[in-house]
Amino acid sequence: MNALFSEEELMLKAAVREFAERELIPKASGYDKSEEFPWENIRSLSSMGLMGLTIPEEFGGASATYSQLMIAEEELARGCASTSVIHLTHLSLGSECIVRFGSKIQQETYLPKLASGEYLAAFALTEPSSGSDAADIQTIASRKEDGYTLNGSKTFITNGPEADLTVVFATTNQDKGTHGISAFLVPKGVTGLTISVQKGKMGMRASSTAELFFTDCHLDSKYLLGNEGDGFHIAMSIIDSSRMTVAAQAIGIGQAALEAALKYANHRKTFGKKLAENQAIQFLLADMATNLDAARLLTRRAAQLKDQGENYTKETAMAKLAAAEAAHYVCDKALQIHGGYGYFNDSVVERLYRDQRVTEIYEGTSEIQRLVISRNLLKGI
Ligand SMILES: Cc1cc2nc3c(=O)[nH]c(=O)nc-3n(C[C@H](O)[C@H](O)[C@H](O)COP(=O)(O)OP(=O)(O)OC[C@H]3O[C@@H](n4cnc5c(N)ncnc54)[C@H](O)[C@@H]3O)c2cc1C
């Protein structure tokens, strides 16, 4: 036990760090360059029990708390950010929908497979014309006698090509606004769903991203998640908790950049002395570490509030905003400390700089986090 972490949490941190050092770090650069989906890493995560970390034990998971998930996610991202986004999309977005909103039958059917890693999950909310304005969903799910027919498209869907199960949000009643949006579990290979891989990302290049096209895609009623009209509430409450996992991811990326900068500054000599002997560099390192620790504490607070059943919307938005911006600052300064060597793609900091950037965009951009925070601040006035 130390001031911040319990014995159990410290053991988890050490175990995931050891795993990431051994399995993820040596392969991260190769996967980034090849843009190949890191199946080997996902199989290793499955055998470590990490794919089902927060899924309840009765369904084969580890019933971990969100505080524990934050610790694991930071260590995974420190090792390989691409693997971390595949993991968090599977767990805190896709699988979490079924943990929180699935029927008993849906939970019994899917959670054991998701927990073991036999199934990979995805979460499809964003559309070509609606990202930040998530309520403006154009995909339609028309009610039929024996289920629903989906028409429309989704974009930027992480794990889209590989997912065995994708949670898809579509409008079942356009007159009802957000209350007319419903959520569906879409199994892999269903007729009427075509998937187009989106290559060429700036970072997170080993994670897959895809457009999903629904053309008269028929789903039986058993694939409806929750009740008709619950979809927007499901999407918002899942993103509310999942975005703290993105905060932990950003911190992990920033931590890797800080460590690389410390090592380099302590080794590289200019004007007859080590970079680290210059106060200008020392101050940079101090600011980098302080920004990361502040974000880490905000993230831990958000996770603890969730674990204690308290409201955590504002605190999660603060954690995600602070962590993404801290990681941006840290990766930028780490690259600067590496000088010209940091600008080439055989340096770790060049990859971290690119991987970090999307943490300011997905699961709500930094502007959207500021909107969420200020709305909550103004609510009580
Ligand atoms: C690599 C990657 C993976 C992703 N994975 C997934 C996934 O698995 N599932 C999924 O559903 N989505 C996913 N997304 C989509 C992501 O969540 C959206 O890109 C994000 O929400 C922003 O939406 P947008 O791209 O449409 O930008 P827009 O909403 O068009 O915003 C453009 C810019 O305008 C700003 N802006 C918008 N509205 C306002 C406002 N009111 N005030 C001030 N500024 C504003 C935004 O902050 C942004 O800077 C992913 C995206 C990427 C890049």
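Located above this text is the structure these notes cover.
Residues numbered from 1 in each chain as written. Predicted model: local features only at pLDDT ≥ 70, side-chain atom pairs only at ≥ 80, totals over all residues.

### Some details on the overall build of the protein chain
Phase 1 of the analysis: Helix and strand counts for the protein chain stand at 10 helices and 10 strands.
Phase 2 of the analysis: Computed over C-alpha atoms, the radius of gyration of the protein chain comes to 21 Å, within 12% of the 21 Å expected from 2.2 N^0.38 for 381 residues, which places it in the range of a compact globule. (Helix = DSSP H or I, 4+ residues; strand = E, 2+ residues; numbered from the N terminus. Rg over C-alpha atoms; globule rule 2.2 N^0.38 Å.)

### Here we look at the nonpolar core
Phase 1 of the analysis: Formed by 118 residues in total, the largest nonpolar core has its most connected members in Phe184, Ala257, Ala261, Ala323, Cys331 and Ala334.
Phase 2 of the analysis: Ranked by residues supplied to this core, first place goes to helix H6 (residues 231-265) with 19 residues.
Phase 3 of the analysis: When neighbours within four sequence positions are excluded, Phe184 is seen to be in contact with Ala141, Tyr148, Val168, Ala170, Leu219, Tyr223, Leu224 and Leu225. (Core = buried A, V, L, I, M, F, W, Y, C linked by C-beta atoms within 7 Å. Buried ≥ 20, exposed ≤ 12 C-beta atoms within 10 Å, placed from the backbone. Contact = placed C-beta atoms within 7 Å.)

### A closer look at the pairing of strand S7 (residues 209-220)
Phase 1 of the analysis: Bridging between strand S3 (residues 147-158) and S7 involves nine bridges; their strand directions are antiparallel. Along S7, the bridge assignment pairs Ser153 with Phe213.
Phase 2 of the analysis: In this structure, strand S6 (residues 193-197) lies alongside S7, joined through five bridges in antiparallel fashion. What sits directly across from Val197, in S7, is Ala210. (Pairing = 2+ DSSP bridges.)

### With respect to the environment of Ser221
Phase 1 of the analysis: By the element assignment, Ser221 lies in the loop between S7 and strand S8 (224-225).
Phase 2 of the analysis: For the pair Ser221 and Lys144, spaced 77 residues apart in sequence, the C-alpha separation works out to 9.1 Å.
Phase 3 of the analysis: In this view, Ser221 contacts Asp146 and Gly147; residues no more than four positions away in its chain are not counted.

### Here we look at the site of the ligand
Phase 1 of the analysis: The immediate surroundings of the ligand are formed by 20 residues, with Thr126, Gly131, Ser132, Thr365 and Glu367 found nearest.
Phase 2 of the analysis: Those elements that place two or more of their residues in the shell around the ligand are strand S1 (121-124), S3 and helix H10 (366-379).
Phase 3 of the analysis: It is S3 that provides the largest number of residues to the shell around the ligand, a total of three residues.
Phase 4 of the analysis: When its residues are assigned to classes, the shell around the ligand shows 10 nonpolar, seven polar and three charged.
Phase 5 of the analysis: Each of domain 2 (122-231) and domain 3 (233-379) gives at least three residues to the shell around the ligand. (Near = placed C-beta within 6 Å. Nonpolar A, V, L, I, M, F, W, Y, C, P; charged D, E, K, R; others polar. Domains from an automatic or database assignment.)

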